[in-house]
Structures are given as C-alpha cells and as structure tokens.
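# Coordinates in review
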Amino acid sequence: MKQFNLTEAERLQLANQYAILEKLDQENAEDYSKLRKIVEEGYTILYGKVFHNLNEPVSMEESQYVFDVLHMYKALQQSYEALPDKSGIDSKDIRFRGFDGNNEPRQLSLAQYMQKEGHWQESLKGDLDSHSMTQDFYKKRLARWNAIKERHSGYWDGQLTRDEIKEIVS
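First, a word on what this report is: a plain description of the structure on this page.

This part is about the overall build of the protein. Scanning the protein from terminus to terminus reveals seven helices and zero strands. When the elements of the protein are put in sequence order from the N terminus, they spell out α-α-α-α-α-α-α. Taking 15 Å as the expected radius of gyration for a compact globule of 170 residues, we find that the protein reaches 23 Å, considerably beyond that expectation. In terms of its C-alpha atoms, the protein occupies a principal-axis envelope of roughly 65 × 30 × 30 Å.

Here it is, written out as structure tokens:
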C-alpha cells in the first residue's frame, strides 16, 4: 500500500476544496464530505481513498520512449505516403499499433492524452490499446530507426527511402 504524507497546509487546502465541492456538487456531496473528514482528521491510513484516482507518474524515460516511438511512426507514415513506389511494403506495417492497456498503462495513457490534444494525428488514430505487449516489438524497430538516423549523420530531413522503411518494419 502506497503511503501518502500531507503537510498541515496541504490538508487544509484539500479539506477546503472538498468543502467547496460539497456545496457545488450536491449529487456527490456525501462522498466529498467523507473525503473532507479523512483529510481534516488526518486519517493517513485512509488517504488512499483520497488519492485513489491518481495514476503512477510517467517517468521522463517512459515519456521519451513514447515520443520516440511516435516520431518513428510519423516518419514511417509520411515517408510511405511520399513514395512513388510502395511495392514490398504493407501499409499495415507502418501503422502505429498502440500500447497494451494491461501491461503498458502509463505509455498508453500518455499516447491517449497526446491523441486527445491533437498531436501525432497521422499516427494516433482510433483505439490505442494494442491488447498485447509492444515493448520488445517497438524497441527492435527503434534500434533499426536509430541506426538509419545515425547513417544520415548531419542534416537529414527525416524522409525514409523504400528500403529504409522495409529495414525498419522487417
């Protein structure tokens, strides 16, 4: 069980917020009253009820991983669309598959947030729950993507050739 520590000032602020919510949201006033009482009285063992909706934070490393995957898929899709000859490439192979809601919930949550905010619109379409683990799959593709970027050291517009796309998705 995760332990939460609140200063007296934080407890007072939360208790006041719950008191305000009690007045504003009559439908849920009883729930807010219970939460206010937990905070006011400092029942630390019950703080989990107060913070039950908080997700574990997404680390910088996890966030960077999600952004790297999304950048790669953006480049794959834009490059694919620009190709005059798409032979040998299945369009399904360049489509972002999402993250697994059961095993990769923080990555999925961040991707869903970015979708809602309108970022990576070419990649973040539809349901982003892959319903299967993706980490090994994406890490292999990212390794090939990074190797290609390394070969293009110096200025590179991010446009992939047909062979480079095939290399990444192989």
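What follows deals with the packing of aromatic side chains. Tallying each qualifying case throughout the model produces nine aromatic pairs. Ring geometry for Tyr-65 versus Phe-99: centroids 6.2 Å apart, planes at 55°, classification tilted. Separated by 34 residues along the polypeptide, Tyr-65 in helix α4 (residues 60–82) and Phe-99 in the loop between α4 and α5 (105–116) bring together distant segments of the chain. Tyr-65 sits in the buried class, given a relative accessible area of 12%. By relative accessible area, Phe-99 is classed as buried at 0%. Aromatic side chains Tyr-73 and Tyr-138 sit 5.8 Å apart centroid to centroid with 75° between the ring planes, which places their arrangement in the edge-to-face category. Highlighted residues: Tyr-73 in helix α4 and Tyr-138 in helix α6 (residues 135–151), separated in sequence by 65 residues. Here Tyr-73 matches Tyr-138 in class, with each residue buried.

Attention now goes to the pattern of salt bridges. For the structure on display, the rule yields seven salt bridges. Arg-36 is the partner of Glu-40 in a salt bridge, and the nearest nitrogen-oxygen pair spans 3.0 Å. Placement of the pair is Glu-40 and Arg-36 together in helix α2 (residues 29–41), with a separation of four residues, close to one helical turn. Looking at Glu-40, the relative accessible area reads 36%, which means it is partly exposed. A salt bridge links Glu-62 to Arg-106, with the shortest nitrogen-to-oxygen separation between them at 2.7 Å. Here Arg-106 lies in helix α5 and Glu-62 lies in helix α4, a separation of 44 residues in the sequence. Look at Arg-106 and you get partly exposed, because its relative accessible area is 31%. Connected through shared salt-bridge partners, Glu-22, Arg-36 and Glu-40 make up one network.

Rules used in this analysis
- Residues numbered from 1 in each chain as written.
- Predicted model: local features only at pLDDT ≥ 70, side-chain atom pairs only at ≥ 80, totals over all residues.
- Heavy atoms only, no water.
- Helix = DSSP H or I, 4+ residues; strand = E, 2+ residues; numbered from the N terminus.
- Rg over C-alpha atoms; globule rule 2.2 N^0.38 Å.
- Phe/Tyr/Trp six-rings, centres within 6.5 Å; stacked < 30°, edge-to-face > 60°.
- Buried < 20%, exposed > 50% of the residue type's maximum accessible area, 1.4 Å probe, protein only.
- Salt bridge = Lys/Arg side-chain N within 4 Å of Asp/Glu carboxyl O.

That's the geometry; what it means functionally is another story.
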